[in-house]
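So you can see what is in the structure, the chains are spelled out below.
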Amino acid sequence: MEKLIVQGQAKLKGRVTVSGSKNATLPILAASLLTDDLCVLEGVPQLRDVTTMIRILRNLGLKVHQEGDRVTLSPNGYAGVEAPYRLVSTMRASFCVLGPLTAKKRQARVSLPGGCVIGPRPVDLHLKGLKALGAQIKVEGGYVLSKAKELRGTTIYLGGAFGSSVLGTANVLMGAVLARGRTLIENAACEPELADLAEVLIKMGAKIQGHGTPLIAVEGVRRLHGFTHRVIPDRIEAGTYLVAAGITGSEIEVQGARAEHLGAVIDKLDQAGVGVHPAGGGIRVKPRRRLSPVDATTLPFPGFPTDMQAQLMALLCVTPGISVITEKIYPDRFMHVAELGRMGAQIKLEGATAIVCGVKRLSGAPVMASDLRASAALLLAGLAARGASEVGRIYHLDRGYERMDEKLVKLGAEIRREKME
Ligand code: EPU
């Protein structure tokens, strides 16, 4: 296990380039299960979660070749239908092989993902959607067994207690593209990663309309072919660097960041006093002198993303005044609160709401990362704090941020990676 040692009160300067989106890459890799043809995905970030998805696909019999940011997948005649617990339990996104396997192989045996530190993450919507398409679904021995003589198009309402589901929509969409007839997915997820998956499916020959909106219409086809595609830039990584500039009072350029994917984040940062301006091929950030408190509520896209909640909280910890953050996607996603508290942050939790009373300065401390976005928030807090911080269990960060410490060092931060005793 490794830790990062961060020297605080950093000033950043220069340009950072955003990698390809993790959350777009994972379901797009799974979409290769829908064809027998060669598929090529470019812009793939080198991350632990991507490696896990590739292991799952290899385990199903695909030949996968990775060279730099380009992944070539040869599904021709793959015979596997099982995603085992030992792999799925390490990454929930692997559950999105269920839809494509059911559509292409007419059967699948996929482990239920199980618990997760950010709260309960059920898969009822995934199963409801595939059942509506005609799959027979059984849960046995911790596995979902799915069988289908034929999938048939239908109308499916895919909303749950917390709104739409990103990977649930991905699974159902990948089932519907090979179903007979027309499918309407109501309350579909509108996240850019889901829209990117739909673009890939269209390149494969699928007939899809309305992706990027809550109503997706699919006309099933008999066969899909291969694709070549460049994945969209990672909007959460981009947003994290925008906050890095805000929290350190630095001016930087985030190359590749797409403003149209970051509307709610840009709006909140602007209200907080972090000036964000589109600049040729990216976004330039220039914080104003004094930051102001803001209130934010996480919501499905185009609302403020839950995946930016912890990073925004780090910024608000050093913003004078009282800010309120309400988590409407994962009400328990607050593991970072206690760790930020160890650095001197003043945060009170009331159910799914965090009341943040900004302090003048955080102080460096040893802290422990609990999940991916929490680890990014702790690193950001460490950049702003007085003195050095040690962020432990950094494997969480490596699951979803491509070389974040190296990228920050290039911007002028002082960060060392060391083995944990
Ligand atoms: N939900 C249900 N039933 C379901 C599925 C989801 O009730 O069958 C609930 C969830 O418990 C949650 C809400 O619906 O309250 C939204 O969950 P969603 O299904 O959209 O999450 P996901 O698809 O499993 C993806 C991202 C997450 C991100 C969420 C929300 C990937 C690989 N993961 O997860 O990313 O937080 O959407 O935007 O795309 C991360 O990158 O750090 C991360 C956790």
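Okay, so let's go over this structure. These numbers come from a predicted model, not from an experiment.

1. Focus on the nonpolar core
Looking at soluble globular proteins, one finds that nonpolar side chains tend to be buried together.
Line of reasoning, step 1. Core analysis: the largest hydrophobic core is formed by 74 residues, its most contacted members being Leu34, Leu57, Val97 and Leu201.
Line of reasoning, step 2. Ranked by the residues each element gives to this core, the list is headed by helix 1 (residues 22–31), at six residues.
Line of reasoning, step 3. Here Leu34 is in contact with Pro100, Ala103, Lys104, Met174, Val177, Leu178, Leu201, Met204 and Leu224, once residues within four sequence places are set aside.

2. Description of the site of the ligand
Line of reasoning, step 1. Around the ligand sit 23 residues in total, of which Asp124, Leu125, Ser165, Asp307 and Ile329 are the nearest.
Line of reasoning, step 2. Within the backbone of Leu125, an N or O atom sits 2.7 Å from an oxygen atom of the ligand.
Line of reasoning, step 3. Within the side chain of Arg333, one N or O atom sits 3.3 Å away from an oxygen atom of the ligand.
Line of reasoning, step 4. Contact with the protein chains covers 91% of the free accessible surface of the ligand, which is 820 Å².
Line of reasoning, step 5. Within the residue set of the shell around the ligand, elements represented by two or more residues are helix 1, helix 5 (124–132), helix 6 (166–176) and helix 12 (372–384).
Line of reasoning, step 6. Here the element with the most residues in the shell around the ligand is helix 5; it accounts for three residues.
Line of reasoning, step 7. Here the residues of the shell around the ligand sort into twelve nonpolar, five polar and six charged.
Line of reasoning, step 8. Taken domain by domain, the shell around the ligand gets at least three of its residues from each of domain 1 (2–19 + 233–419) and domain 2 (22–230).

3. Regarding the pattern of salt bridges
Line of reasoning, step 1. A full pass over the atoms with the stated rule returns 23 salt bridges.
Line of reasoning, step 2. Here Glu253 makes a salt bridge to Arg15, at a shortest N to O gap of 3.7 Å. Note that Glu253 is positioned in strand 15 (residues 251–255) and Arg15 in strand 2 (residues 13–17), a separation of 238 residues in sequence.
Line of reasoning, step 3. A salt bridge links Glu350 to Lys348, with the nearest nitrogen and oxygen atoms 3.1 Å apart.
Line of reasoning, step 4. By relative accessible area, Glu350 is classed as partly exposed at 44%.
Line of reasoning, step 5. Shared partners join several salt bridges into a network, and the residues in it are Glu2, Asp398, Asp405, Arg417 and Lys419.

Rules and cut-offs
Residues numbered from 1 in each chain as written. Predicted model: local features only at pLDDT ≥ 70, side-chain atom pairs only at ≥ 80, totals over all residues. Heavy atoms only, no water. Core = buried A, V, L, I, M, F, W, Y, C linked by side-chain atoms within 4.5 Å. Buried < 20%, exposed > 50% of the residue type's maximum accessible area, 1.4 Å probe, protein only. Helix = DSSP H or I, 4+ residues; strand = E, 2+ residues; numbered from the N terminus. Contact = heavy atoms within 4.5 Å. Near = heavy atom within 4 Å. Polar contact = N/O pair within 3.5 Å; in protein donor to acceptor, adjacent residues only side chain to side chain. Areas by Shrake-Rupley, 256 points an atom, 1.4 Å probe, with all protein chains shown as cover. Nonpolar A, V, L, I, M, F, W, Y, C, P; charged D, E, K, R; others polar. Domains from an automatic or database assignment. Salt bridge = Lys/Arg side-chain N within 4 Å of Asp/Glu carboxyl O.

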